[in-house]
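A closer look at the structure
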Amino acid sequence: MKRNLKFSVNLGTVLSCLLAAVLSACSLVQYSPVPTIDHIDPDHGYRSRNHVTDAHNDENMIFLLFSGGGSRAAALGYGVLENFYHQRIKPTASGDTLLDNIDVVSGVSGGSVLAAYFSLHGRDTVPKFENEFLKRDFQQELIDEVFSFSNMPRLLSPQFGRGDLLQERLNSVLFKNATFGDLALYRKGPFALISATDMTRGSKVVFTQEMFDSLCLDLSRMPVARAVAASSSVPLVFSPLTLNNNGGNCGFRLPEIFSDERREYMMRYNIRDVKNIVTSYQNSVMKPYIHLVDGGLTDNLGLTNLLDIYDTIGSEQLSKIISDYRKLKRIVVISVNAQNSVYSGIDLSADIPGTSAVVNAVINVPIDQNSRVSLMRFRHLVDDWNTAMHRSVGANKVFVHFVSLNLKDLPESQLKFDVLNMGTSFYLSPSDVDKLKQAASVLLKNSSEYQDLIEELQQ
């Protein structure tokens, strides 16, 4: 009896100590805010405007857009980069391959992993990214972290979640503590546009200093891994990532272009929409934090960044801005869309679909629909722009080339069936990685727009 009593007392003491340790750890795990700014310096930080201004000493401005889709998107995008690595074009100051001449890379969700890495490492991305990310079971490593006893106290904290663990793993494996300040100063590749979604407003948050000016935050101090984790935080799978808001405390003002109401209805509507979003961030007392989830919920292709610029500024004003770049002859936009179409078989039965099928539909159906609308709108934009260029007289004529690479456009084959039925996760078998790389080669070979572009770029 005494021995049992002693055992009970010792067990109680151990459990009490463990509980105290857990509670103590929970209290220590707190959100680390992004440093604030008290004024805006237009010449400082990770700014797209500064990059675009510096980039136009040649004839081309090339945008490469990677869609969401977990490792499936990263592998397809990597296959495209492999092809660009070997594709020779007319030499420029940047190099003599298409990969060397990408000016801007955009990434959403799984595509943001590759986009950020490409921005950091440039042409070294081939073959480093495949070896460091695609060929490892990143998902299992992440699951091990989630269920690790050592992480349990942190995961019990209200200010730390699975999204934060994703950031830590991405940082350890790929980004090695790189910040956006490092991207601004030391990147070897193109300017990267990474976006996430504000879960309360349903609006897009782009990780550039222009956006962070409205929040009165210094983006240069933020880890790249946190932006990529936020862009990849699929609801329910990963927890949202927190971003502090200091809006209203640094003298931020919208550019003059947003104050001109003498425009057609659609442009006035878009200007008001931007104003409403930015204005909501200026009251940081009422909105001191923003919670970020998967960027694919608002823009799975990265095309809306370009559509928003066109809709807000208008074709006439945009044409005047572009005409200032005397050497520029063409703008190239290459969209890599890894959207899948997994066959579920639910329509073969009268049975009510299960929770997993319903959740997939709730997330994927709107994303797929928004992507179709964005593609259609962008094709119309390109057609209208090029038609106007053909009709223009005397102006510096800059034509837009749009190349859309979509898994669903593969020719009917076993390869198409296999890649479209790959799920969205952070793991692919080596054979699946090879199939997606093959799919990239097939799409580029079969794209008449791409083949015509290469012919022009080689002249």
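Residues numbered from 1 in each chain as written. Predicted model: local features only at pLDDT ≥ 70, side-chain atom pairs only at ≥ 80, totals over all residues. Heavy atoms only, no water.

Attention shifts here to the overall build of the protein chain. Looking only at helices and strands, the protein chain features 18 helices and ten strands. The proportion of buried residues among the 459 residues of the protein chain is 51%. Look at the contacts in the protein chain between residues 6 or more apart in sequence, and 79% of them connect residues 24 or more apart. For the protein chain, the accessible surface area stands at approximately 22600 Å², while carbon and sulfur atoms represent 55% of it. (Helix = DSSP H or I, 4+ residues; strand = E, 2+ residues; numbered from the N terminus. Buried < 20%, exposed > 50% of the residue type's maximum accessible area, 1.4 Å probe, protein only. Contact = heavy atoms within 4.5 Å. Areas by Shrake-Rupley, 256 points an atom, 1.4 Å probe, with all protein chains shown as cover.)

All chains considered together, the criterion is met by one disulfide. There is a disulfide in this structure between C216 and C250, and the S-S distance comes to 2.1 Å. The S-S bond linking C216 to C250 shows a torsion near -75°; that makes this disulfide left-handed. Remark: C250 occurs in the loop between strand 7 (241–244) and helix 12 (265–282) and C216 occurs in the loop between helix 10 (209–215) and helix 11 (224–231); sequence separation between them is 34 residues. (Disulfide = S-S within 2.5 Å.)

Turning to helix 6 (residues 138–146), a few remarks are in order. Taken residue by residue, helix 6 has F138, E141 and L142 as its buried positions. Seen from one end, helix 6 has its buried residues packed into an arc of 100°, which puts them on one side. (Arc of directions from axis to C-beta.)

The two faces of strand 6 (residues 203–206) match: S203 and V205 on one face and K204 and V206 on the other face are all buried. Of the pairings in the sheet, the one linking strand 5 (residues 191–198) to strand 6 comprises four bridges and is antiparallel in character. Considered in strand 6, the bridge of A196 is made with V205. Where strand 5 hands over to strand 6, the hairpin turn is made up of four residues, of which G202 adopts a positive phi near 70°. (Pairing = 2+ DSSP bridges.)

On to the pattern of salt bridges. In the structure shown here, the tally under the stated rule is 20 salt bridges. Salt-bridge contacts for D198 lead to K287; the nearest nitrogen and oxygen are separated by 3.7 Å. Linking D198 in strand 5 with K287 in the loop between helix 12 and strand 8 (289–293), this pair joins segments that are 89 residues apart in sequence. Residue D198 shares its accessibility class with K287, and that shared class is buried. Two residues, E412 and K416, come together in a salt bridge whose shortest N-O distance is 2.8 Å. On the basis of relative accessibility, which here comes to 68%, the residue E412 falls in the exposed class. Taking the relative accessible area as the measure of exposure, K416 reaches 12% and is therefore buried. If you follow the salt bridges from partner to partner, you end up with E59, K329, R330 and E456 in one network. (Salt bridge = Lys/Arg side-chain N within 4 Å of Asp/Glu carboxyl O.)

Here we come to the packing of helix 4 (residues 110–121) against helix 11. Two elements in contact, helix 4 and helix 11, have axes whose closest approach is 8 Å; the angle formed by their N-to-C orientations is 160°. Classified by the interaxial angle, the pair formed by helix 4 and helix 11 is roughly antiparallel. For the element pair helix 4 and helix 11, the recorded crossing hand is right-handed. Facing S112, V113 and A116 of helix 4, the residues of helix 11 in contact are V224, V228 and S231. Residue composition of the contact of helix 4 with helix 11, grouped by class: four nonpolar, two polar and no charged. (Axes fitted to C-alpha atoms, helices over the stretch in contact; angles between N-to-C directions. Parallel < 35°, antiparallel > 145°, perpendicular 65-115°, else oblique. Left-handed = near helix turned anticlockwise from the far one by under 90°. Nonpolar A, V, L, I, M, F, W, Y, C, P; charged D, E, K, R; others polar.)

All right, on to helix 18 (residues 448–457) then. Taken together, the buried positions of helix 18 are Y450, L453, I454 and L457. Viewed end-on, helix 18 has its buried residues packed into an arc of 100°, placing them on one side of the element. Its buried side turned inward, helix 18 meets strand 1 (60–66), helix 3 (70–86), strand 2 (88–92), strand 9 (330–337), strand 10 (399–406) and helix 17 (430–446).

Geometry only, nothing functional implied.
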